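So the chains spell out like this:
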Amino acid sequence: MELKDIKAVYFVGAGGIGMSAIARYFIHRGVVVGGYDRTPSNLTRQLEKEGMIIHYEENEDEIPHACRDKQSCLVVYTPAIPADHKELQYFRAGDFEIQKRAQVLGTLTRIHKGLCVAGTHGKTSTSTMCAHIMHQSHVDCNAFLGGISKNYGSNYILSDHSDYVVIEADEFDRSFHWLSPWMTVITATDPDHLDIYGTKKAYLESFRHYTELIQPGGALILHTDLEMNPNVQPGVKIYSYSRDKGDFHAENVVIDNGEITFDFVSPVETVRGVKLGQPVPINIENGVAAMAMAQLNGCTAEELLFGIGTYHGVDRRFDFKVRNDNHVFLSDYAHHPQEILQSAKSLKELYKDRKITAIFQPHLYSRTRDFYKEFADALSHFDEVILTEIYPAREEPIPGITSQIIFDNIKSGVEKTMILKDDVLNYVKSRDFDVLLVLGAGDLDNYSSQIARLIESKK
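Q: I'd like to hear about the overall build of the protein, residue by residue, with values.
A: Check the secondary structure of the protein and you find 14 helices and 21 strands. Relative to the globule expectation of 23 Å for 459 residues, the C-alpha radius of gyration of the protein, 22 Å, shows essentially globular dimensions. In the protein, which comprises 459 residues, the proportion classed as buried is 58%. Sequence separation of at least 24 residues holds for 65% of the intrachain contacts in the protein that already meet a minimum separation of 6. As displayed, the protein offers around 18,800 Å² of accessible surface, 46% of which is attributable to carbon and sulfur atoms. Across the protein, 47 positive and 63 negative side-chain charges occur, with their mean positions spaced 1 Å apart.

In structure tokens:
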């Protein structure tokens, strides 16, 4: 189905971050946009205000009339939706064109110049940084992001003239294999989603195949520490980056009094006096990658400085809720051992002489089973760790797999406690914290606003 032929789009699983960004794209194009999601959320309510027709009961009778014509309605679904979903079965029986979210993004990378960010971790922050830099520049861009940008209050950016589209390339379910990038950053390839891939070798091979999809004339920007051999088409340039080395890197880094500045070293043009708008140490490296891709696509030195200096971050990515002389509280989406390690290192660098406490809600039984030792090692970099029960997401329990196996492997010398998620608020109320961090991709973050009020009430 060509984009020009689409008169309606129906989303099965409308409330996800990635799905809602595409929904907004089609809302802006003026087509009828409908969808189903299991439960209302702030995001679905906002989509309804913007014009999307959403219902929350699995019922084919609720599908809008405009979404019942297979000649003009595109159906988009997320892999998290079970195959026996009644509405999905209705569309399949009616021979509708049904695409995964990633397939739609793949179409957009063929219509526009796709600037994609892939990797086990760092891709949301890096893609959002890149999108903000470019949107504020003369180049401009569209963007489909994996988190809510604080600059725009949205996971979607629209341009009425730019030929560029910034996309977070998700390796889950091999979704990024649908993309056709003009340029891409790969931030990390630490094994994850082994419930899908099975082995580290298969995970790395998936990234290798992704590099084959880059369009000739484009570019691959690889982190210097990656365990992979890219297999690009002729005419694709390969660059390296990291915080300290590579074709693109940072020099003269200064972290002082809550501010971070550095020089951006580049084979195109070195940019001096970069000041991070969201001054978190991990954003030095993320910023280097984002500026590299923006610079390779025409952003000037002045535009790089302005863009990175006015970047405000992403919800749940080093998201500071309280920051005063006595207390610091923040929320972070980190749910992989390497992400947690980077969070710990960044906070230790920012708050050298303060006690840092992490409340961690493990995400998925399979991930806990596969990486419990690595989780314990990463969490051992904090001064204190509080563990809750595992957030199951799409999984059923696995016998013998609980938070206890992480707890038992945390190194001696680290204060550690296990509590139920439902007891977190009372626990925070009864304690005093110096620097407190809520970690995980589950629903613990739902308590963040209440935790912030409790922290602010402490003297």
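Additional details are given in the paragraphs that follow.
Q: Got a sec to walk through the sheet that holds strand β14 (residues 259-265)? Specific residues and values, please.
A: Taken in spatial order, the 3 strands line up as β13-β14-β15 in an open sheet, and their pairing is antiparallel. Because the sheet does not close on itself, it has two edges, and the strands there are β13 (249-256) and β15 (271-275). Between one strand axis and the next, the sheet turns by 20° as a mean value, whatever way the strands run. Examined bridge by bridge, β13 and β14 share 6 bridges and lie antiparallel to one another. Residue pairing across strands places Ala-250 opposite Phe-264, the latter belonging to β14. Together, β13, β14 and β15 form the strand contacts of helix α8 (residues 282-296), whose direction differs from that of β14 by roughly 40°.

Q: Before we move on, can you summarise the side chain of Asp-140 with the specific residues and values?
A: If you trace the backbone, Asp-140 turns up in the loop between α5 (123-135) and β7 (142-149). Although Asp-140 lies buried, it forms no salt bridge, and the closest oppositely charged side chain, Arg-29, sits 15 Å away as judged by the N-O distance.

Q: If you had to explain the pairing of strand β1 (residues 8-12) to someone new, which residues and values would you point to?
A: Successive side chains on a regular strand alternate, one facing one side of the sheet and the next facing the other. Where burial is concerned, most of β1 is hidden: 5 out of the 5 residues are buried. The side-chain alternation of β1 yields two buried faces, one formed by Ala-8, Tyr-10 and Val-12 and the other by Val-9 and Phe-11. As paired strands, β1 and strand β4 (residues 73-77) are joined by 5 bridges and run parallel to one another. Its bridge partner lying in β4, Val-12 is registered against Tyr-77. By the bridge criterion, 5 bridges tie β1 to strand β2 (residues 32-36) in an arrangement that is parallel. Paired with Phe-11 across the bridge in β2 is Gly-35. Tracing the backbone out of β1, into helix α1 (residues 17-29) and back to the parallel element β2 gives a crossover that is right-handed.

Q: Could you give an account of the sheet that holds β4, with specific residues and numbers?
A: What the 5 strands build is an open sheet, ordered β3-β2-β1-β4-β5; its pairing is parallel. At either margin of the open sheet sits one strand with a lone partner, and together these are β3 (53-55) and β5 (97-100). Averaged over neighbouring strand pairs, the angle between their axes works out to 20° when direction is ignored.

Q: Residue-level account of the pairing of β15, with values.
A: The pairing of β14 with β15 spans 3 bridges and is classified as antiparallel. Bridge assignment links Thr-261 to a residue of β15, and that residue is Lys-275. Between β14 and the antiparallel strand that follows it, β15, lie 5 residues.

Q: Give me the lowdown on the side chain of Thr-126, citing residues and values where you can.
A: Position of Thr-126 relative to the elements: it lies in helix α5. Residue class for Thr-126 comes out buried when judged on its relative accessible area of 0%. Looking at Thr-126, its side chain comes within polar contact range of the side chain of Asn-286, at 3.3 Å. Those residues in contact with Thr-126, other than ones at most four positions away along the chain, are Val-117, Thr-187, Asn-286, Ala-289 and Ala-290.

Q: Lay out helix α11 (residues 365-379) in plain terms, naming residues and giving numbers.
A: The first and last C-alpha atoms of α11 sit only 18 Å apart over 15 residues, clearly below the 21 Å expected at 1.5 Å per residue. Among all positions in α11, only Tyr-365, Ser-366, Arg-367, Thr-368, Phe-371, Phe-375, Ala-376, Ala-378 and Leu-379 are buried. Close packing links the buried residues of α11 with α6 (194-197), α10 (337-350), β18 (356-360), β19 (384-387), α12 (404-407) and β21 (435-439).

Q: With reference to specific residues and values, describe the pattern of salt bridges.
A: A complete count under the given rule lists 19 salt bridges for this structure. Linking Lys-355 and Glu-384 is a salt bridge whose minimum nitrogen-to-oxygen distance equals 3.8 Å. Taken together, the positions of Lys-355 in the loop between α10 and β18 and Glu-384 in strand β19 put the pair 29 residues apart, joining distant regions of the chain. The partly exposed category is assigned to Lys-355, whose relative accessible area is 33%. For Glu-384, a relative accessible area of 2% corresponds to the buried category. Each member of the salt-bridge network shares a partner with another, and the members are Lys-355, Glu-384, Glu-415 and Arg-431.

Q: Let's hear about the packing of aromatic side chains: which residues, and what values?
A: Within this structure, the stated rule accounts for 14 aromatic pairs. Measuring from ring centre to ring centre gives 5.2 Å for Tyr-10 and Phe-91, while their planes differ by 45°; the resulting arrangement is tilted. Placement of the pair is Tyr-10 in strand β1 and Phe-91 in helix α3 (residues 86-93), with a sequence separation of 81 residues. Of the two residues examined, Tyr-10 and Phe-91, each falls in the buried class. Grouping aromatic residues by their ring pairs yields a cluster made of Phe-176, Tyr-197, Tyr-203, Phe-207 and Tyr-210.

Rules behind the numbers
- The residue numbering used here restarts from 1 in each chain and proceeds along that chain's sequence as written.
- Whole-chain, interface and lining totals are the exception, using all residues; otherwise, since this is a predicted model, local features are given only for residues with pLDDT of at least 70 and side-chain atom pairs are given and counted only at 80 or more.
- Side-chain descriptors were evaluated using all non-hydrogen atoms of the structure, hydrogens and water having been removed beforehand.
- Comment: elements are numbered from the N terminus, with helices defined as DSSP H or I runs of at least four residues and strands as E runs of at least two.
- We compute the radius of gyration from the C-alpha atoms alone; for a globule the expected value is 2.2 Å times N to the 0.38, where N is the number of residues.
- Buried, partly exposed and exposed residues are distinguished by accessible area as a fraction of the type maximum, computed with a 1.4 Å probe on protein chains only: under 20%, between the cut-offs, and over 50%, respectively.
- Should any heavy atoms of two residues lie within 4.5 Å, those residues are considered in contact.
- Each accessible area is a Shrake-Rupley estimate made with a 1.4 Å probe; only the visible protein chains count as cover when residues are assessed.
- A residue counts as positive if it is Lys or Arg and as negative if it is Asp or Glu; His and the chain ends are not included.
- To locate a charge, take atom NZ for lysine, CZ for arginine, CG for aspartate or CD for glutamate.
- A pair of strands counts as paired when DSSP detects no fewer than two bridges linking them.
- Angles shown run from 0 to 180 degrees and are taken between the N-to-C directions of axes, each axis being a line fitted to C-alpha atoms and, for helices, limited to the stretch in contact.
- Counted as salt bridges are all cases of a side-chain nitrogen of Lys or Arg within 4 Å of a carboxyl oxygen of Asp or Glu.
- Assignment of crossover handedness uses the view with strands pointing away from the viewer, where a clockwise path from the first strand over the helix to the second indicates a right-handed crossover.
- Polar contacts here mean pairs of N or O atoms no more than 3.5 Å apart (in protein, one a potential hydrogen donor and the other a potential acceptor; neighbouring residues in sequence count only if both atoms are side-chain atoms).
- To estimate how far a helix should reach, multiply one less than its number of residues by 1.5 Å.
- Two aromatic rings from Phe, Tyr or Trp, using only the six-membered ring of Trp, form a pair when their centres are within 6.5 Å; if the ring planes differ by under 30 degrees the pair is stacked, by over 60 it is edge-to-face, and anything between is tilted.

The values are spatial; any link to function lies outside them.
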